[in-house]
Amino acid sequence: MRTQVGIVGAGPAGLTLGLLLQREGIECVILELRSRDYVERRVRAGLLEQNTVDLLHQLEVGDRLDREGLQHDGIYLRRQGETLRIAIHELTGRRVTIYGQQEVVKDEIDAFLERGGELRFEVSDVAIADFDSGRPRISYVSGSSEEELECEFIAGCDGSHGICRQAIPEGVLTEHEYVYEFGWLGILAEAAPATDELIYGWHERGFALYSMRSPSVSRLYLQVPADEDIELWPDERIWEELQTRLETEGWSVNQGPVFEKGITPMRSFVCEPMQCGNLFLAGDAAHIVPPTGAKGLNLAVNDARLLAAALVECQRDGSRERLNRYSQTAVRRVWRAQDFSNYMTQLLHDLGRGRFDRQLQLSRLEYLSRSEAAATSLAENYAGLPAAPDF
Ligand code: FAS
Ligand code: PHB
């Protein structure tokens, strides 16, 4: 089988790229390891930047997002019983939207298939070859038959454990990594959120985050040691710890049945360049950010936007100029997100560095409460700097 662009992975990066190429009449095929049901149920990110919402509207996949997404104009930072609001919309004119990643994936899969897109689920033994020559190929097994997809370009959108980045020859990539000594224990609960906007909590005992998915579903997180055993965290203990870390006078966390529980490790990773010959990496295949800045999903979508524009230019006027610059363009926002995610993580978590460090964090939070310039800097990074052809 032949196509112009072979896309490995049907997560936000692969699906957004597929929809963008489809809109421009560029043939593509998406190959996905898992079942449709699995990818549409996988609980991950929950917060969309303004750029991501705008792009989903441009792709005409934003109707349900408009109906069910929760638009937020700010976030709260809480410490020692005091709550500071970062007025994101007032300070930047931009806002964020709460809408589960699995909902974005559902909407994008529906649209891609309805518009005639080729998306193969439950493929296996995916391998890529000759991407640094004239005939890139993707081999895979679908059902019981061995298939080969010849393409002009391959998009590696297969996440942090995928095969595409691994296929790049030794010596080509420079990898940057920073591993935190803690992770996040996350729960989803049938409980109306006890807040109208997200609360990021600094506490002596560690970080906590009060997020949500809908007016009746709360999404909450606790900082825990990186190798924590989740069996040590029965629901009662989780609720008690959340109440302690997010405490403020006259307020309490709304409890309810927990229906999802898991621990996510915290690390930062970037590989450069995000391309090799006619293989282009997008999303978690190329970079990982700690979730404190809510950037992972949004970076994946931004990579797809930039890669699609470069592929369209190449298709339209045969120029590889943008394609050759894809990595150096995409990585600008990757590092901006890495820096902001690291800033938010260092600001709010117990880094195990003692009292002096904790005092510095409290001073930064105090500064944010007194300086519009400091609050605006946090706000514009959180909402996402405006999309541009080179950023
Ligand atoms: P994805 O991992 O979403 O998608 C890659 C796809 O490729 C998957 O469907 C996978 O099945 C498929 N695949 C893998 N190998 C393949 C192969 N060999 N062949 C074919 N297909 C293959 N981000 C936030 O902003 N906020 C959060 O709170 C947050 N929480 C997270 C929690 C967890 C447990 C994880 C793992 C990530 C979290 N993230 C969060 C980050 C997450 O949202 C990612 O940034 C986002 O999924 C990136 O999208 P993709 O790059 O498309 O990768
Ligand atoms: C979420 O709702 O899952 C979420 C929100 C903000 C973050 C991380 C996760 O920074």
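Overview of the structure.

Criteria and cut-off values
Residues numbered from 1 in each chain as written. Chains lettered and ligands numbered in written order. Predicted model: local features only at pLDDT ≥ 70, side-chain atom pairs only at ≥ 80, totals over all residues. Heavy atoms only, no water. Helix = DSSP H or I, 4+ residues; strand = E, 2+ residues; numbered from the N terminus. Polar contact = N/O pair within 3.5 Å; in protein donor to acceptor, adjacent residues only side chain to side chain. Contact = heavy atoms within 4.5 Å. Near = heavy atom within 4 Å. Areas by Shrake-Rupley, 256 points an atom, 1.4 Å probe, with all protein chains shown as cover. Pairing = 2+ DSSP bridges. Phe/Tyr/Trp six-rings, centres within 6.5 Å; stacked < 30°, edge-to-face > 60°. Buried < 20%, exposed > 50% of the residue type's maximum accessible area, 1.4 Å probe, protein only. Lys NZ or Arg CZ within 6 Å of the ring centre and 35° of its normal. Expected span 1.5 Å × (residues − 1). Axes fitted to C-alpha atoms, helices over the stretch in contact; angles between N-to-C directions. Parallel < 35°, antiparallel > 145°, perpendicular 65-115°, else oblique. Left-handed = near helix turned anticlockwise from the far one by under 90°. Nonpolar A, V, L, I, M, F, W, Y, C, P; charged D, E, K, R; others polar. Core = buried A, V, L, I, M, F, W, Y, C linked by side-chain atoms within 4.5 Å.

## Concerning the side chain of His287
Thought 1: Along the chain, the position of His287 falls in strand 19 (residues 287–288).
Thought 2: Within the structure, the side chain of His287 is placed 2.5 Å from the side chain of Asp303, a separation counted as a polar contact.
Thought 3: Apart from residues no more than four positions distant in its own chain, His287 is found in contact with Phe269, Val270, Met274, Leu299, Ala300, Asp303, Val334 and Gln338.

## What about the site of ligand 2?
Thought 1: Around ligand 2 sit Gly46, Trp184, Leu198, Tyr200, Leu209, Ser211, Arg213, Arg219, Tyr221, Pro291, Thr292 and Ala294, and that is every residue in its neighbourhood.
Thought 2: The side chain of Tyr221 places a nitrogen or oxygen atom 2.6 Å from an oxygen atom of ligand 2.
Thought 3: Here Thr292 contributes a backbone N or O atom positioned 3.2 Å from an oxygen atom of ligand 2.
Thought 4: For ligand 2, whose accessible area on its own is 280 Å², the fraction buried by protein is 97%.
Thought 5: Among the elements that take part in the shell around ligand 2, strand 14 (residues 208–214) stands out by supplying three residues, more than any other.

## Examining the site of ligand 1
Thought 1: Around ligand 1 there are 31 residues in total, and Glu32, Arg42, Arg44, Gln101 and Asp284 lie nearest to it.
Thought 2: The contact in question runs from a nitrogen atom of ligand 1 to an N or O atom on the backbone of Leu33, over 3.2 Å.
Thought 3: Gln101 has a polar side-chain atom sitting 2.5 Å from an oxygen atom of ligand 1.
Thought 4: A total of 990 Å² of accessible area belongs to ligand 1 in isolation, and the protein chains cover 86% of it.

## Overview of the pairing of strand 10 (residues 137–142)
Thought 1: Two strands pair when backbone bridges link them, and strand 9 (residues 123–129) and strand 10 are joined in this way by five bridges, in the antiparallel orientation. Bridged to Ala127 within strand 10 is Ser139.
Thought 2: Taken together, the six bridges between strand 10 and strand 11 (residues 145–156) define a ladder with antiparallel strand orientation. The residue bridging Ile138 from the neighbouring strand is Leu149, located in strand 11.
Thought 3: The antiparallel pairing of strand 10 with strand 11 creates a hairpin that spans two residues between the two strands, and Gly143 there sits at a positive phi of about 70°.

## Here's the deal with the packing of aromatic side chains
Thought 1: Tallied over the entire structure, the rule returns eleven aromatic pairs.
Thought 2: Where Trp184 meets Tyr221, the ring centres are 4.7 Å apart and the plane angle is 45°; that geometry is what we call tilted. Of the two residues, Trp184 is situated in strand 12 (residues 174–189) and Tyr221 in strand 15 (residues 217–225); the sequence distance between them amounts to 37 residues.
Thought 3: For Trp184, a relative accessible area of 2% puts it in the buried group.
Thought 4: With a relative accessible area of 11%, Tyr221 lands in the buried category.
Thought 5: The side chain of Arg78 reaches across the aromatic face of Trp251, ending 4.5 Å from its centre.
Thought 6: The ring of Trp233 carries the charged tip of Arg237 above its face, separated from the ring centre by 3.6 Å.

## Remarks on helix 12 (residues 372–383)
Thought 1: Given a rise of 1.5 Å per residue, twelve residues ought to cover 16 Å, and the 16 Å separating the end C-alpha atoms of helix 12 matches this to within 8%.
Thought 2: Where helix 12 starts, the residue carrying a side-chain oxygen 3.2 Å from the main-chain nitrogen of Ala373 turns out to be Ser371.
Thought 3: With its phi angle positive at about 95°, Gly384 sits one or two positions after the end of helix 12.

## Digging into the sheet that holds strand 7 (residues 96–98)
Thought 1: Sheet architecture is open: three strands sit in the order 3-7-4, paired in antiparallel fashion. The open sheet has two edge strands, strand 3 (47–48) and strand 4 (70–72), and neither has a second partner.
Thought 2: Bridging between strand 3 and strand 7 involves two bridges; their strand directions are antiparallel. Bridging from a neighbouring strand, Leu47 pairs with Ile98 of strand 7.

## Digging into the packing of helix 8 (residues 296–317) against helix 10 (residues 326–348)
Thought 1: Contact geometry for helix 8 and helix 10: axes closest at 10 Å, N-to-C directions at 160°. Relative to helix 10, the element helix 8 is oriented roughly antiparallel. Helix 8 and helix 10 meet at a crossing whose hand is right-handed. Residues Leu299, Asn302, Asp303, Leu306 and Leu307 of helix 8 pack against Tyr326, Thr329, Ala330, Arg333, Val334 and Ala337 of helix 10.
Thought 2: For the contact of helix 8 with helix 10, the per-class residue count stands at seven nonpolar, two polar and two charged.

## A look at the environment of Tyr178
Thought 1: Mapping Tyr178 onto the fold places it in strand 12.
Thought 2: With relative accessibility at 36%, the residue Tyr178 sits in the partly exposed group.
Thought 3: Residues Tyr178 and Glu103, spaced 75 residues apart in sequence, show a C-alpha to C-alpha distance of 30 Å.
Thought 4: When neighbours within four sequence positions are excluded, Tyr178 is seen to be in contact with Arg267, Ser268, Gln346 and Arg353.

## Thoughts on the nonpolar core
Thought 1: One finds Val5, Ile7, Leu17, Leu21 and Ile138 to be the most contacted residues of the largest nonpolar core, which totals 76 residues.
Thought 2: Examining the composition of this core, we find that twelve residues originate from one element, helix 8, more than from any other.
Thought 3: Leu77, Trp184, Leu198 and Ala374 belong to the second largest nonpolar core, which has 35 residues in total.

## Describing the pairing of strand 6 (residues 82–86)
Thought 1: As defined by bridge partners, strand 5 (residues 75–79) adjoins strand 6 across five bridges and the pair is classed as antiparallel. Looking at strand 6, one finds that Arg78 is bridged to Thr83.
Thought 2: The turn joining strand 5 and strand 6, which pair antiparallel and follow one another in sequence, is formed by two residues; a positive phi near 50° is taken by Gln80.

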